[in-house]
Amino acid sequence: MTTSTPRHTEETDRPQATFSEKVVNLRRVAKVIKGGRHLSFSALVTVGDNQGRVGIGLGKADAIPDAVRKAVANAQKNLVTIPLKGATIPHLVRGKYGAAEVLIKPAPTGTGIIAGASVRAVLEPAGIKDVVTKSLGGQNPINVTRATLAALKQLRSVPQETPTSQPAPTPSGTGAEVSTT
């Protein structure tokens, strides 16, 4: 008689992070068929752990709860880790998806999230607290959220300066050097 050992997968060994989810957009869509219209629902959801991980997902089903459940599962599959600098982002980024374009700028502490509803729905679950954004171009919520995620994917962490580093040399021609004649 052999005893089976439990299989350890990545999901069981890793502690489950608690994700916050937010429904960004909920649509009733209709497909015209021979007998009339077939109604179904489309849900756009963002999930995040408030520590730099965020994802967006789209789910479609005949009932609203099923569409939201599918969207959450899709969003958790597509999580992206973004670097944070305190409560803001390290540098200015611009993302584009379709006709939507989103500009995201870092802001000082206490500013809050200055953004529209679709952009805010991506930034809040990511754990970003202070940022200024501008949505340019299209206003379709699906494209705006995807443009926001595209912008966040472009973020790179800024290397920390060490306090013992040498000061930067002054460029020539600034009048700082002394000439001997």
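For the structure itself, consult the block above.
Caption draft 1: Representation of the layout of surface pockets in the model. Taken as a whole, the second largest pocket holds about 160 Å³ of empty space. Every residue lining the second largest pocket is listed: Leu-44, Ile-56, Gly-57, Leu-58, Asn-74, Asn-78, Tyr-97, Arg-146, Leu-149, Ala-150 and Lys-153. Mapped onto the lining of the second largest pocket, the elements with two or more residues apiece are strand 3 (53-61) and helix 4 (141-153). The greatest single-element share of the lining of the second largest pocket, amounting to four residues, is contributed by helix 4. Of the residues that constitute the lining of the second largest pocket, the class distribution is six nonpolar, three polar and two charged.

Caption draft 2: Layout of the packing of helix 3 (residues 117-126) against helix 4. With their axes 8 Å apart at the nearest point, helix 3 and helix 4 run at an angle of 40 degrees to one another. Accordingly, the angle class assigned to the pair helix 3 and helix 4 is oblique. Where helix 3 crosses over helix 4, the handedness of that crossing is right-handed. When helix 3 is examined against helix 4, the residues Ser-118, Val-119, Val-122 and Leu-123 are found in contact with a partner set consisting of Pro-141, Val-144, Thr-145, Thr-148, Leu-149 and Leu-152. For the contact of helix 3 with helix 4, the residue count by class is seven nonpolar, three polar and no charged.

Procedures and definitions
Residues numbered from 1 in each chain as written. Predicted model: local features only at pLDDT ≥ 70, side-chain atom pairs only at ≥ 80, totals over all residues. Heavy atoms only, no water. 1 Å grid on protein atoms, 1.4 Å probe; cavity = no way out; pocket = protein on both sides within 12 Å on 5 of 7 lines; lining within 4 Å. Points joined across faces, edges and corners; volume = space filled by probe spheres on them. Helix = DSSP H or I, 4+ residues; strand = E, 2+ residues; numbered from the N terminus. Nonpolar A, V, L, I, M, F, W, Y, C, P; charged D, E, K, R; others polar. Axes fitted to C-alpha atoms, helices over the stretch in contact; angles between N-to-C directions. Parallel < 35°, antiparallel > 145°, perpendicular 65-115°, else oblique. Left-handed = near helix turned anticlockwise from the far one by under 90°. Contact = heavy atoms within 4.5 Å.

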